[in-house]
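What follows is the residue order along each chain.
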Amino acid sequence: MKNSTTSKKRKAKATGHPSNRTLWAYWMQAIEPKSEAINRAFPGYHPLWVMQSQRMNVTPEHFLWLRKQLMNITQHQAAAYLRVSVGKVSAWENGTEPMPFMAFELLRLVYESTANRLSHAQWDGWFIGKDGGFVCPDVGSLSITPQDFGALQYTKAELETHRAENSRLRAAIAAQIAENNSLRELFVNQGMVDELENIRDRIGELFGQLNTAKIFQIKPSRKAA
């Protein structure tokens with residue numbers, strides 16, 4: 001079996017065709033290996049960057065689509081980056097001048113690069129430092145590592161736990177406040193009841209005194225003539 005595999009690899013190198021593994025990788029990425037020059041230069045195994053280079057044809061239409069639709073840059077911006085005139089870029093896109101492969105491939109590599117993925121205005125000023133950390137422009141000393149990003153998932157889960165506990169405690173506190181208000185109201189009402197009972201008792205005493213005055217009439221004394 002081993003000798004058979006080795007024989008296939010040697011045959012692929014001899015004929016200048018991609019290996020079965022490379023063909024499988026092409027197929028999985030929906031790329032067609034159509035360059036015979038690349039097949040001869042890279043017999044058997046094609047590196048990933050070589051595979052990606054065959055994703056688009058080097059044509060004026062593809063360059064225009066790459067610049068405008070994928071990279072979302074103007075002719076002026078493309079010309080400034082490629083160190084050519086705006087008229088040159090326009091001539092490439094109009095087909096009046098041959099489309100240089102190097103210019104096309106450079107834009108394609110930029111589009112495929114991680115640096116281009118970080119070029120959104122939302123990430124203005126952010127960059128990856130030499131230590132691999134993601135540096136924040138607002139806090140220069142803040143460098144976020146891949147481990148920090150990995151810990152975010154656990155931080156979110158912990159935050160949700162604290163939120164749930166906070167909601168539970170708030171509900172418990174609200175219940176205690178309601179109970180306290182009820183007890184205070186009951187205490188106030190009970191005080192009013194006690195006061196009314198005192199008033200009732202006092203009124204009863206007064207009525208009793210009035211009744212006694214009716215029974216025992218006190219006549220004024222007569223002075224001696």
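For the structure given in this document, a descriptive report is provided here. (Residues numbered from 1 in each chain as written. Predicted model: local features only at pLDDT ≥ 70, side-chain atom pairs only at ≥ 80, totals over all residues. Heavy atoms only, no water.)

1. Some points on the sheet that holds strand β2 (residues 134-135)
Link 1 in the chain: If you trace the three strands from one edge of the open sheet to the other, you get β1-β2-β3, paired in antiparallel fashion. Each of the sheet's edge strands pairs with one partner strand only, and the pair in question is β1 (127-128) and β3 (143-144).
Link 2 in the chain: The sheet contact formed by β1 and β2 spans two bridges and is antiparallel. In the strand pairing of β2, Ile 128 is matched with Phe 134. (Pairing = 2+ DSSP bridges. Helix = DSSP H or I, 4+ residues; strand = E, 2+ residues; numbered from the N terminus.)

2. Observations concerning a nonpolar patch on the surface
Link 1 in the chain: A cluster of nonpolar side chains, Trp 24, Trp 27 and Met 28, forms an exposed patch at the surface whose accessible area comes to about 450 Å².
Link 2 in the chain: Along the polypeptide, Trp 27 turns up in helix α2 (residues 20-28). (Patch = residues over 30% accessible without salt bridge, like charges linked within 9 Å, V, L, I, M, F, W, Y side chains within 5 Å. Areas by Shrake-Rupley, 256 points an atom, 1.4 Å probe, with all protein chains shown as cover. Salt bridge = Lys/Arg side-chain N within 4 Å of Asp/Glu carboxyl O.)

3. Digging into helix α5 (residues 60-70)
Link 1 in the chain: Where α5 is concerned, the buried positions are Pro 60, Phe 63, Leu 66 and Arg 67. Across the axial projection of α5, the buried residues extend over an arc of 130°, all falling on one side. Opposite the packed face of α5, turned more than 90 degrees from it, sit the exposed residues Glu 61, Lys 68 and Gln 69.
Link 2 in the chain: Taken together, the buried residues of α5 touch α6 (75-82), α7 (86-94) and α8 (101-112).
Link 3 in the chain: Following α5 by one or two positions, Asn 72 has its phi on the positive side, about 55°. (Buried < 20%, exposed > 50% of the residue type's maximum accessible area, 1.4 Å probe, protein only. Arc of directions from axis to C-beta. Contact = heavy atoms within 4.5 Å.)

4. Observations concerning the side chain of Arg 67
Link 1 in the chain: Within the fold, Arg 67 resides in helix α5.
Link 2 in the chain: Those residues within four positions of Arg 67 in sequence are excluded, and the remaining contacts are Asn 72, Ile 73, Thr 74, Gln 75, Ala 78, Glu 93 and Leu 107.

5. What about the nonpolar core?
Link 1 in the chain: One finds Phe 63, Leu 66, Leu 82, Trp 92, Met 99, Phe 104 and Leu 107 to be the most contacted residues of the largest nonpolar core, which totals 14 residues.
Link 2 in the chain: The set of elements that each furnish at least two residues to this core consists of α5, α6, α7 and α8.
Link 3 in the chain: Among the nonpolar cores identified, the runner-up in size contains six residues, and Ile 31, Ile 38, Val 50 and Met 51 belong to it. (Core = buried A, V, L, I, M, F, W, Y, C linked by side-chain atoms within 4.5 Å.)

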